[in-house]
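Geometric and topological summary
As a plain string of letters, each chain reads:
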Amino acid sequence: MAGRPREFDRDAALRKARDAFWSRGYEGVSMADLVNLLGLASARIYAAFGSKESLFRQAIALYDADEGGFATRALAEEPTAKAAFRRILIEAIETYTKPNHPRGCMVVSAATNCSSENDRLREWLAAFRCRRTASLVERLEKAAIDGELPPDADPQALGDYFATVLHGLSVQARDGVPKERLLAIVPTVMRSI
(Lines give C-alpha, C1' and ligand atoms only; values in the text may rest on other atoms or scores of the structure.)
Protein backbone atom coordinates (compact mmCIF):
# COMPACT_ATOMS: atom_id res chain seq x y z
CA MET A 1 0.00 0.00 0.00
CA ALA A 2 1.48 3.30 -1.09
CA GLY A 3 1.52 6.13 1.41
CA ARG A 4 0.17 9.58 0.73
CA PRO A 5 2.74 11.97 -0.72
CA ARG A 6 4.18 14.10 2.02
CA GLU A 7 2.95 17.65 2.25
CA PHE A 8 5.36 20.39 1.39
CA ASP A 9 5.64 24.05 2.23
CA ARG A 10 4.83 25.76 -1.07
CA ASP A 11 6.21 29.14 0.08
CA ALA A 12 9.50 27.59 1.21
CA ALA A 13 9.78 25.72 -2.09
CA LEU A 14 9.13 28.93 -4.02
CA ARG A 15 11.85 30.74 -2.02
CA LYS A 16 14.33 27.94 -2.79
CA ALA A 17 13.45 28.09 -6.48
CA ARG A 18 13.73 31.89 -6.45
CA ASP A 19 17.23 31.72 -4.98
CA ALA A 20 18.32 29.11 -7.52
CA PHE A 21 17.02 31.18 -10.45
CA TRP A 22 18.52 34.31 -8.90
CA SER A 23 21.93 32.64 -8.55
CA ARG A 24 22.12 30.70 -11.82
CA GLY A 25 19.52 32.26 -14.09
CA TYR A 26 16.53 30.70 -15.77
CA GLU A 27 18.42 28.48 -18.17
CA GLY A 28 21.04 27.59 -15.56
CA VAL A 29 18.44 25.78 -13.46
CA SER A 30 17.11 22.54 -14.93
CA MET A 31 14.04 20.60 -13.85
CA ALA A 32 16.43 17.99 -12.43
CA ASP A 33 18.01 20.77 -10.33
CA LEU A 34 14.57 21.82 -9.11
CA VAL A 35 13.66 18.21 -8.24
CA ASN A 36 16.86 17.87 -6.19
CA LEU A 37 16.58 21.30 -4.60
CA LEU A 38 12.91 21.08 -3.65
CA GLY A 39 12.93 17.36 -2.83
CA LEU A 40 9.83 16.87 -4.96
CA ALA A 41 9.10 14.77 -8.00
CA SER A 42 8.76 16.80 -11.18
CA ALA A 43 5.05 15.88 -11.35
CA ARG A 44 4.52 17.50 -7.91
CA ILE A 45 6.42 20.62 -9.02
CA TYR A 46 4.27 20.88 -12.15
CA ALA A 47 1.09 20.31 -10.10
CA ALA A 48 2.06 22.99 -7.59
CA PHE A 49 3.54 25.63 -9.90
CA GLY A 50 2.59 24.78 -13.48
CA SER A 51 5.55 24.84 -15.84
CA LYS A 52 9.16 25.74 -15.11
CA GLU A 53 8.43 29.12 -16.74
CA SER A 54 5.42 29.62 -14.47
CA LEU A 55 7.57 28.77 -11.44
CA PHE A 56 10.16 31.29 -12.64
CA ARG A 57 7.52 34.00 -13.08
CA GLN A 58 6.21 33.27 -9.58
CA ALA A 59 9.78 33.47 -8.26
CA ILE A 60 10.20 36.88 -9.93
CA ALA A 61 6.92 38.05 -8.36
CA LEU A 62 8.17 36.90 -4.94
CA TYR A 63 11.47 38.70 -5.49
CA ASP A 64 9.66 41.88 -6.56
CA ALA A 65 7.31 41.76 -3.56
CA ASP A 66 10.19 41.25 -1.13
CA GLU A 67 13.89 42.00 -1.76
CA GLY A 68 13.46 43.50 -5.19
CA GLY A 69 10.60 45.80 -4.20
CA PHE A 70 12.83 48.40 -2.59
CA ALA A 71 12.41 50.91 -5.44
CA THR A 72 8.62 50.65 -5.45
CA ARG A 73 8.55 51.20 -1.69
CA ALA A 74 10.99 54.12 -1.78
CA LEU A 75 9.13 55.88 -4.60
CA ALA A 76 5.85 55.52 -2.70
CA GLU A 77 7.11 56.38 0.78
CA GLU A 78 9.72 59.12 0.43
CA PRO A 79 8.50 62.74 0.29
CA THR A 80 11.09 63.95 -2.23
CA ALA A 81 12.69 62.50 -5.33
CA LYS A 82 16.14 63.04 -3.84
CA ALA A 83 15.24 61.05 -0.71
CA ALA A 84 13.62 58.30 -2.79
CA PHE A 85 16.56 57.95 -5.18
CA ARG A 86 19.14 57.96 -2.39
CA ARG A 87 17.17 55.27 -0.57
CA ILE A 88 16.86 53.23 -3.78
CA LEU A 89 20.63 53.30 -4.28
CA ILE A 90 21.42 52.29 -0.71
CA GLU A 91 18.79 49.55 -0.57
CA ALA A 92 19.84 48.24 -3.98
CA ILE A 93 23.43 47.92 -2.79
CA GLU A 94 22.34 46.27 0.47
CA THR A 95 20.10 43.82 -1.42
CA TYR A 96 22.66 43.05 -4.11
CA THR A 97 25.48 42.37 -1.63
CA LYS A 98 23.56 40.69 1.21
CA PRO A 99 25.69 37.95 2.79
CA ASN A 100 24.54 34.34 2.28
CA HIS A 101 22.20 35.46 -0.49
CA PRO A 102 22.40 35.53 -4.27
CA ARG A 103 24.25 38.62 -5.49
CA GLY A 104 22.95 41.27 -7.86
CA CYS A 105 19.41 41.87 -9.06
CA MET A 106 17.37 38.84 -10.08
CA VAL A 107 15.42 40.81 -12.69
CA VAL A 108 18.63 42.11 -14.26
CA SER A 109 20.59 38.87 -14.34
CA ALA A 110 18.19 35.89 -14.44
CA ALA A 111 17.43 35.91 -18.16
CA THR A 112 19.35 38.53 -20.10
CA ASN A 113 20.88 35.98 -22.45
CA CYS A 114 18.62 33.10 -23.40
CA SER A 115 18.28 30.63 -26.19
CA SER A 116 15.70 31.61 -28.79
CA GLU A 117 13.18 29.20 -27.27
CA ASN A 118 13.09 31.47 -24.20
CA ASP A 119 12.81 34.79 -26.04
CA ARG A 120 9.34 35.34 -24.58
CA LEU A 121 10.72 35.14 -21.05
CA ARG A 122 13.68 37.41 -21.88
CA GLU A 123 11.29 39.95 -23.41
CA TRP A 124 9.00 39.73 -20.36
CA LEU A 125 11.91 40.61 -18.05
CA ALA A 126 13.04 43.40 -20.40
CA ALA A 127 9.52 44.87 -20.19
CA PHE A 128 9.68 44.53 -16.41
CA ARG A 129 12.93 46.54 -16.36
CA CYS A 130 11.46 49.14 -18.73
CA ARG A 131 8.48 49.60 -16.40
CA ARG A 132 10.90 50.20 -13.52
CA THR A 133 12.73 52.83 -15.57
CA ALA A 134 9.41 54.44 -16.46
CA SER A 135 8.53 54.67 -12.75
CA LEU A 136 11.83 56.46 -12.10
CA VAL A 137 11.21 58.89 -14.96
CA GLU A 138 7.66 59.52 -13.75
CA ARG A 139 8.94 60.41 -10.26
CA LEU A 140 11.54 62.74 -11.79
CA GLU A 141 8.90 64.41 -13.96
CA LYS A 142 6.91 65.09 -10.79
CA ALA A 143 10.07 66.43 -9.16
CA ALA A 144 10.58 68.80 -12.10
CA ILE A 145 6.99 70.08 -11.81
CA ASP A 146 7.40 70.49 -8.03
CA GLY A 147 10.61 72.49 -8.50
CA GLU A 148 12.89 69.83 -6.97
CA LEU A 149 15.02 69.74 -10.13
CA PRO A 150 16.71 72.60 -11.95
CA PRO A 151 14.65 74.02 -14.84
CA ASP A 152 17.03 72.55 -17.43
CA ALA A 153 16.86 69.01 -15.97
CA ASP A 154 15.83 66.23 -18.34
CA PRO A 155 13.74 63.71 -16.34
CA GLN A 156 13.93 61.07 -19.11
CA ALA A 157 17.73 61.26 -19.31
CA LEU A 158 18.05 61.26 -15.51
CA GLY A 159 15.74 58.25 -15.21
CA ASP A 160 17.66 56.37 -17.89
CA TYR A 161 20.94 57.25 -16.18
CA PHE A 162 19.66 56.08 -12.82
CA ALA A 163 18.38 52.78 -14.28
CA THR A 164 21.77 52.28 -15.92
CA VAL A 165 23.48 52.84 -12.56
CA LEU A 166 21.18 50.33 -10.85
CA HIS A 167 21.86 47.71 -13.53
CA GLY A 168 25.59 48.38 -13.25
CA LEU A 169 25.44 47.99 -9.48
CA SER A 170 23.84 44.59 -10.00
CA VAL A 171 26.64 43.46 -12.31
CA GLN A 172 29.32 44.85 -10.00
CA ALA A 173 27.78 43.06 -7.00
CA ARG A 174 27.62 39.78 -8.94
CA ASP A 175 31.28 40.26 -9.76
CA GLY A 176 32.06 40.50 -6.04
CA VAL A 177 32.68 44.25 -5.69
CA PRO A 178 32.31 44.88 -1.95
CA LYS A 179 29.37 46.78 -0.49
CA GLU A 180 31.63 49.56 0.81
CA ARG A 181 32.98 50.32 -2.67
CA LEU A 182 29.49 50.39 -4.15
CA LEU A 183 28.22 52.68 -1.37
CA ALA A 184 31.10 55.05 -2.13
CA ILE A 185 29.51 55.96 -5.48
CA VAL A 186 26.21 57.10 -3.95
CA PRO A 187 27.29 60.74 -3.40
CA THR A 188 28.53 60.98 -7.01
CA VAL A 189 25.30 59.57 -8.42
CA MET A 190 23.19 61.79 -6.19
CA ARG A 191 24.89 64.94 -7.54
CA SER A 192 23.09 64.26 -10.83
CA ILE A 193 19.75 64.73 -9.05
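Numbering of residues starts from 1 in every chain and runs along the sequence as written. Local features are withheld for residues below a pLDDT of 70 in this predicted model, meaning they are given only at 70 or higher, and side-chain atom pairs are given and counted only at 80 or more; totals for whole chains, interfaces and linings count all residues. The basis for every side-chain value is the complete set of heavy atoms in the structure, and neither hydrogens nor water enter the calculation.

The protein carries the name TetR/AcrR family transcriptional regulator in an unreviewed UniProt entry, which gives Gluconacetobacter tumulicola as its organism.

1. A short note on the packing of aromatic side chains
How we decide: Centres within 6.5 Å are what make two rings of Phe, Tyr or Trp a pair, Trp counting through its six-membered ring; a difference in plane orientation under 30 degrees is then read as stacked, over 60 as edge-to-face, and the rest as tilted. Secondary structure elements follow DSSP: runs of H or I no shorter than four residues count as helices, runs of E no shorter than two count as strands, and numbering proceeds from the N terminus. Exposed residues in this analysis have more than 50% of their type's maximum accessible area, buried residues have under 20%, and partly exposed residues fall in between, with area computed by a 1.4 Å probe over protein chains only. Look at NZ for Lys and CZ for Arg. If either is within 6 Å of the ring centre and within 35 degrees of the ring normal, a charge sits over the ring.
Scanning the model with the defined rule gives seven aromatic pairs in all. Measuring from ring centre to ring centre gives 5.1 Å for Phe 21 and Phe 56, while their planes differ by 90°; the resulting arrangement is edge-to-face. One end of the pair, Phe 21, is in helix α1 (residues 10-24); the other, Phe 56, is in helix α4 (residues 52-65), with 35 residues separating them in the sequence. One exposure class covers both Phe 21 and Phe 56, and it is buried. Taken together through their ring pairs, the aromatic side chains of Phe 21, Tyr 26 and Phe 56 make up a single cluster. Over the ring of Tyr 26 we find Lys 52, and its NZ or CZ is 4.3 Å from the ring centre. Lying across the ring of Trp 124, Arg 57 places its NZ or CZ 4.5 Å from the centre.

2. Description of the UniProt feature "DNA-binding region" (unreviewed entry) in the protein
As a reminder, the rule being used: UniProt positions are given in the numbering used here, feature names are shortened, and annotations may be inferred rather than shown by experiment.
The residues that UniProt annotates with the feature "DNA-binding region" (unreviewed entry) are residues 30-49. Secondary structure across residues 30-49 comprises 80% helix and 0% strand; the distance between its end C-alpha atoms is 15 Å.

3. What about the side chain of Arg 87?
Defined as follows: Two N or O atoms form a polar contact when they lie within 3.5 Å of each other; inside protein one atom must be a possible hydrogen donor and the other a possible acceptor, and for residues adjacent in sequence the pair counts only when both atoms belong to side chains. Contacts are residue-level and defined by heavy atoms, with any inter-residue pair within 4.5 Å sufficient.
Within the secondary structure, Arg 87 is located in helix α6 (residues 81-96). A distance of 2.9 Å separates polar atoms of two side chains, one belonging to Arg 87 and the other to Glu 78. Every residue in contact with Arg 87, bar those within four places of it in the chain, is listed here: Arg 73, Ala 74, Glu 77 and Glu 78.

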